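Summary of structural features
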Amino acid sequence: MVHGAALLWSAAALAACTFEVPAPYGSGGSADGGNGGEGGTGGVLTTSQTTTTGTSSTTSTSTTTSGATTTGPGCVAPEAECPGEEGCFEILSDPDHCGAGCEKCLPNGSCFDGFCGCSADQIECSNPPGCYDPSSSDDHCGDCNTACSPTEDCSEGHCCPSGEEYCVSPTPGCYPTQTDIQHCGSCTNSCGSNEVCNGGQCECAGGLHACPLQMGCFSDTSTSHCGPTCAQCGANEACVDGSCECLPGLTDCNGVCLNLQTNGDNCGACGNTCSTAAFPGASCSSGHCQKAGLSPGIGVIRGFAADDSTTPTTLYAITVDSTIWRFGDGFMPADSASQPLNAVFGRLFMDASMGGLSYGFSVQTTGGLHSGSWGSLPSVVTSSTGFTTIARFGSTLYWGADKCVRKTPASPVDLLCFTTDYPTTLVQHPTDATDAFVHPISSSGTQGHIRRFDLNGAGQSAQYTTFPIAQRTEDSLRSFATDGTGDTLYFFTLGSMSGEIELRRYDIATSSAQALFVYSGDAIPVSILRDGATLYWIWRTAGGTVEIRRAPTTALNVISTPNPPGVAELLSSFTVSTNLPAVSDLHQDAEALYFVADNTVYRLAK
């Protein structure tokens, strides 16, 4: 390799190229090739080269001027050797080996085409010597003589409090770009209305949120831009915690918000429809269906029954004028051919499994048990002392007559007889299909008790309690029910004070009674009914106010003090005439209770 030739190429290249360079901060040189003062020239560098041929050798000397260096072995232009150092250096741009003299530039300085200097955005300062960016240097902010305090930072040549930047618009000054809504993140970024600057980012203000692909901020309660998905809420909906929810008092039924207290098709629960074929014209009040099928001309209804104890589709009633009425497909007048009943104190029973056969009876001594179709009830059984109750357990009909409990066939089969008492309500044992309970009352109507007997004729197995009867001329006040086990009885009785009526619980195992609810004054008990684990009861006042209530038997069985709050739920309350009887027994199917008030038939959804 010929070193001289390489050096000459480097020098020629420097001479031939024209570059815009910063003013050098020194171009003179000393004799040893060092940097000279301003206006000086580089020293002469002498290098030796020895060539050996065979056993003899010659030495030649070459020199370069202006501080040039020789290209050492293995260096390729524009790289070159530097005195006292090993290796090849890029002398055109290396700030530590700049130019022919391998000059070391000032701190932060640059090497441009072999000349040391400060870049265009820097200034040269002497304290300490170096190149500095006056727009950001904390020690040389704006000029060489301005230093920012420890709590300041240099921004665009101005000392600003730490965390702030200098901006020229709209008014020159220092701004906290992490929080300033006009200079959020940078001097040129301004947040929109309803936005705040948080961490240098524009965000919606508190209580507001952004929407994808939409400009602006929207209220967190906006029903047209609800939540992060900006959903459109439906009618009767509010935006709550980012989700569309039904307004207070409304319930979501298959995506529609409804008032279950008044909606006839969703009464008390979604899908609970009040309107049926038997009771057209829904009326939902306080979450319970109140259905009326009123027919002009119907007198006061005494007895009331359905064609099936599970799912009645047709209902029947017997009035005090001995007329039987059918309704469900509209009120239908009775068959006028035969109406033998004196039904002032009578009741009616329907047996759907026997072809819709109905049974009616009278407690008059000249009356009897009658059976037949809904419009014609010929007498099939007579009784010298009258009939007092009727029920069907399984496929067998049971009734009370001549102070005895009897069953089909028509010829009497006495299951249980009493000396002076009359059997009233019959209730089958809930867990023992061979037994039933009967509620006999004394002939004077002043005393009652409940007995358990065998439906196959084995007689009485137990008598549980004796209590005073609450005579209010309402025949159905003798109604009673059991719990789901048959170990607990519920019945109405006179209270300890004059005029009081009590709904009592009797525990068979301990022979103890507990007053559950006490109704004072002119209370008149009507009926008690159990469905599963729920007890229903209906009572009225002499003034005509009627209440239907319910409570779970689990809650009733732990009551220790009468009238506990929050146990009995009021299902319906209304007013009837003061004539007696004005309210019938309760009947039920899987979904509703049925009863008659005055001459109106009601269906009350459970």
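Notes on the structure in this doc start here. (Residues numbered from 1 in each chain as written. Predicted model: local features only at pLDDT ≥ 70, side-chain atom pairs only at ≥ 80, totals over all residues. Heavy atoms only, no water.)

1. Considerations on the pattern of salt bridges
Taken as a whole and judged by the stated rule, the model has 7 salt bridges. Where D96 meets K104, a salt bridge forms, and the shortest distance between an N and an O atom there is 2.8 Å. In this structure D96 comes out as partly exposed when scored by relative accessible area, which is 39%. Given the relative accessible area of 57%, K104 is considered exposed. Here D435 ties to R452 by a salt bridge, and the two come within 2.8 Å at their closest N and O atoms. One end of the pair, D435, is in strand β37 (residues 435–442); the other, R452, is in strand β38 (residues 447–454), with 17 residues separating them in the sequence. The pair formed by D435 and R452 is uniform in burial state, with each residue classed as buried. When salt bridges with common partners are traced through the structure, they connect D432, D435 and R452 into a single cluster. (Salt bridge = Lys/Arg side-chain N within 4 Å of Asp/Glu carboxyl O. Buried < 20%, exposed > 50% of the residue type's maximum accessible area, 1.4 Å probe, protein only. Helix = DSSP H or I, 4+ residues; strand = E, 2+ residues; numbered from the N terminus.)

2. What to know about the sheet that holds strand β47 (residues 569–575)
Strands sit in the order β44-β45-β46-β47 across an open sheet of 4 strands; the sheet is antiparallel. Each edge of the sheet is formed by a strand with only one pairing partner; in this case those strands are β44 (523–531) and β47. This sheet shows a mean twist of 15 degrees between the axes of neighbouring strands, independent of strand direction. As paired elements, strand β46 (residues 545–552) and β47 share 6 bridges and run antiparallel to each other. Residue I548 lies in a different strand from β47, and its bridge partner there is S572. (Pairing = 2+ DSSP bridges. Axes fitted to C-alpha atoms, helices over the stretch in contact; angles between N-to-C directions.)

3. Examining the nonpolar core
Among the nonpolar cores identified, the biggest contains 17 residues, and F517, I528, L535, W537 and L556 are the most heavily contacted of them. Contributing elements (two or more residues each) for this core: β41 (488–494), β42 (501–507), β43 (512–519), β44 and β45 (534–541). Setting aside residues up to four positions removed in sequence, F517 forms contacts with I501, E502, L503, W537, L556, I559, N563, P564, V567 and A568. Counting 16 residues, the second-largest nonpolar core is a separate cluster that includes I538, I548, L586 and F595. (Core = buried A, V, L, I, M, F, W, Y, C linked by side-chain atoms within 4.5 Å. Contact = heavy atoms within 4.5 Å.)

4. Here's the deal with the packing of aromatic side chains
Across all of its chains, the model carries 4 aromatic pairs by this definition. Here the aromatic rings of Y519 and W539 are separated by 4.1 Å at their centres, their planes lie at 25 degrees, and the arrangement is stacked. With Y519 in strand β43 and W539 in strand β45, this residue pair connects regions lying 20 residues apart in the sequence. (Phe/Tyr/Trp six-rings, centres within 6.5 Å; stacked < 30°, edge-to-face > 60°.)

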